[in-house]
Amino acid sequence: MALLKVKFNQKKRVKLAQGLWLMNWLSVLAGILVFSMGLFLKIELRKRSEVMDNSESHFVPNSLILMGILSCAFNGFAGKICYDSLDPAKFAKWKPLLKPYLALCCVFNILVFFVALVCFLMRGSLDSTLAQGLKNGMKFYRDTDTPGRCFMKKTIDMLQIEFKCCGNNGYKDWFEIQWISNRYLDFSSKEVKDRIKSNVDGRYLVDGVPFSCCNPSSPRPCIQYQVTNNSAHYSYDYQTEELNLWRRGCREALLSYYSSMMSSMGAVVLLVWLFEMVVMVGLRLLHTSLESIANPEDPECESEGWILENSLKDTFKSALENLKKLGKFNQVEAGPEGEEGEKTPAITTVS
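Residues numbered from 1 in each chain as written. Predicted model: local features only at pLDDT ≥ 70, side-chain atom pairs only at ≥ 80, totals over all residues. Heavy atoms only, no water.

As annotated in an unreviewed UniProt entry, the protein chain carries the name Peripherin-2 and comes from Edolisoma coerulescens. The Sequence similarities (unreviewed entry) comment attached to the protein chain in UniProt states, word for word, "Belongs to the PRPH2/ROM1 family." In its Subcellular location (unreviewed entry) section, the UniProt record describing the protein chain reads: "Membrane". (UniProt positions renumbered as here; feature names shortened; annotations may be inferred.)

Caption draft 1: Focus on the overall build of the protein chain. Along the protein chain, the regular secondary structure elements total nine helices and two strands. Among the 351 residues that make up the protein chain, the fraction classed as buried is 40%. Partitioning the intrachain contacts of the protein chain with sequence separation of at least 6 by distance along the chain shows that 73% fall at a separation of at least 24. (Helix = DSSP H or I, 4+ residues; strand = E, 2+ residues; numbered from the N terminus. Buried < 20%, exposed > 50% of the residue type's maximum accessible area, 1.4 Å probe, protein only. Contact = heavy atoms within 4.5 Å.)

Caption draft 2: Region of interest: the nonpolar core. Counting residues in each nonpolar core, the largest one holds 77 residues, and the members touching the most others are L41, V60, L64, Y171, W174, V209 and L254. No other element matches helix α8 (residues 250–291), which puts 16 residues into this core. Dropping the residues within four chain positions of it, L41 is found in contact with V60, P61, L64, Y258, M261, M262 and M265. (Core = buried A, V, L, I, M, F, W, Y, C linked by side-chain atoms within 4.5 Å.)

Caption draft 3: Focus on the packing of aromatic side chains. Using the criterion set out here, one finds 12 aromatic pairs in the structure. Aromatic pair F74 and Y101: ring centres 6.0 Å apart, planes at 35°, arrangement tilted. On the criterion of sequence distance, the pair formed by F74 in helix α2 (residues 59–84) and Y101 in helix α4 (residues 98–121) is long-range, its members being 27 residues apart. Residues F74 and Y101 agree in their burial class; the two are buried. Note on W179 and Y225: the rings are 6.2 Å apart at their centroids and 15° apart in plane angle, and the pair reads as stacked. On the criterion of sequence distance, the pair formed by W179 in the loop between α6 (152–163) and α7 (190–197) and Y225 in the loop between α7 and α8 is long-range, its members being 46 residues apart. On the basis of relative accessibility, which here comes to 44%, the residue Y225 falls in the partly exposed class. In textbook terms, an aromatic cluster arises when at least three aromatic residues are bridged by ring pairs, as seen for F74, F77, Y101 and F108. Of note, R149 hangs over the ring of F140, and the distance from its end group to the ring centre comes to 3.9 Å. (Phe/Tyr/Trp six-rings, centres within 6.5 Å; stacked < 30°, edge-to-face > 60°. Lys NZ or Arg CZ within 6 Å of the ring centre and 35° of its normal.)

Caption draft 4: Quick look at the packing of α6 against α8. Where α6 meets α8, the axes come as close as 10 Å, and the angle between the chain directions of the two elements is 65°. Relative to α8, the element α6 is oriented roughly perpendicular. The two elements α6 and α8 meet at a crossing, and its hand is left-handed. Contacts from L159, Q160 and F163 of α6 reach α8 at C250, A253, L254 and Y257. (Axes fitted to C-alpha atoms, helices over the stretch in contact; angles between N-to-C directions. Parallel < 35°, antiparallel > 145°, perpendicular 65-115°, else oblique. Left-handed = near helix turned anticlockwise from the far one by under 90°.)

Caption draft 5: Spotlight on the packing of helix α1 (residues 10–47) against α2. Where α1 meets α2, the axes come as close as 7 Å, and the angle between the chain directions of the two elements is 165°. With respect to α2, the element α1 is oriented roughly antiparallel. Considering the relative orientation of α1 and α2, their crossing is left-handed. By residue class, the composition of the contact of α1 with α2 is 22 nonpolar, 10 polar and one charged. (Nonpolar A, V, L, I, M, F, W, Y, C, P; charged D, E, K, R; others polar.)

Caption draft 6: Region of interest: the side chain of N244. In this structure, N244 sits in the loop between α7 and α8. The exposure class of N244 is buried, given its relative accessible area of 1%. Separated by 3.1 Å, the side chain of N244 and the backbone oxygen of I223 make a polar contact. Here N244 is in contact with C213, C214, N215, S218, R220, P221, C222 and I223, once residues within four sequence places are set aside. (Polar contact = N/O pair within 3.5 Å; in protein donor to acceptor, adjacent residues only side chain to side chain.)

Caption draft 7: A look at unusual backbone geometry. Of note, the phi angle at Q226 is positive, near 50°, even though the residue is not glycine. One can find Q226 in the loop between α7 and α8. Of note in the backbone geometry, S235 takes a positive phi value of approximately 50° without being a glycine. Tracing the sequence through the fold places S235 in the loop between α7 and α8.

Caption draft 8: Just α6, in detail. Its 12 residues give α6 an end-to-end C-alpha distance of 16 Å, which sits within 8% of 16 Å, the value for a rise of 1.5 Å per residue. Tucked into the core, α6 has its buried residues touching α5 (123–139) and α8. Looking one or two places after α6, you find K164, whose phi comes out positive at around 55°. (Expected span 1.5 Å × (residues − 1).)

Next comes the structure, spelled out in structure tokens:
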């Protein structure tokens, strides 16, 4: 029993072809949208590549770009087929290509669905990428004279200002690294010497943060040095001064930014996938309705269209049988060696 069998006359076939032609060109526009989203995400990742680990993957944006290009190509081709199906003479040349094309469409739709899922599931990978990248970036904050790292200070400062964040996981991350360059330290000062000697690695560590961690909404001037020393500031308690410094870490801020962006893109790709599935089903109905016309010379006659010629169970069994036959065909059967026939030498008699 065929799955979703529908009866068609000429008028219905024409309406279906015209509707599919329009839907295919709308799908081309959707493909351009997917391509644009992938390009935008790639640019956004490139903008902050300095605070991401080198192993961070551009799999999602590259996949979106590829799916966008394929969507434009597939749907543009399908639009041409739907337009030519209105003319039996023009449709005849596409008839042998429709089955392979529908198989490719099925594979393409599986890939689109996979890309949509990846957009939702990339949070974990992005989290580790940002954590390691920000940790390395903060270590290079002081290297303003080192080639290749001289812009890291500006990058980190602009990042903290734009995303209203501080450090990797929080402002206390700055207490664990030397973010002040040695060229700006007075090594004749007893305080500097004591701090360096008190550290095993000989680093100058302070309970201070860069200026970009300061919250401009704070009612008091920014306290960026001796942050944890309550006695160093009047009427101050660092555990309750929530407005003085940004409390949120930049990893969390960036993760939230990129995750929400990719989730939105995943939702759009999922809608595009649903639309592509409808188009593929419609194209299959059009294909079978045109193939099942009893008298090709009489286009006005009725025909039947279906998605699957048999039920799902029978179709699955048939597919397995075809795979088994294909496997047997590829096997090399060892046959008996051919025996060469003995040649009887010609005897010449001389009389």
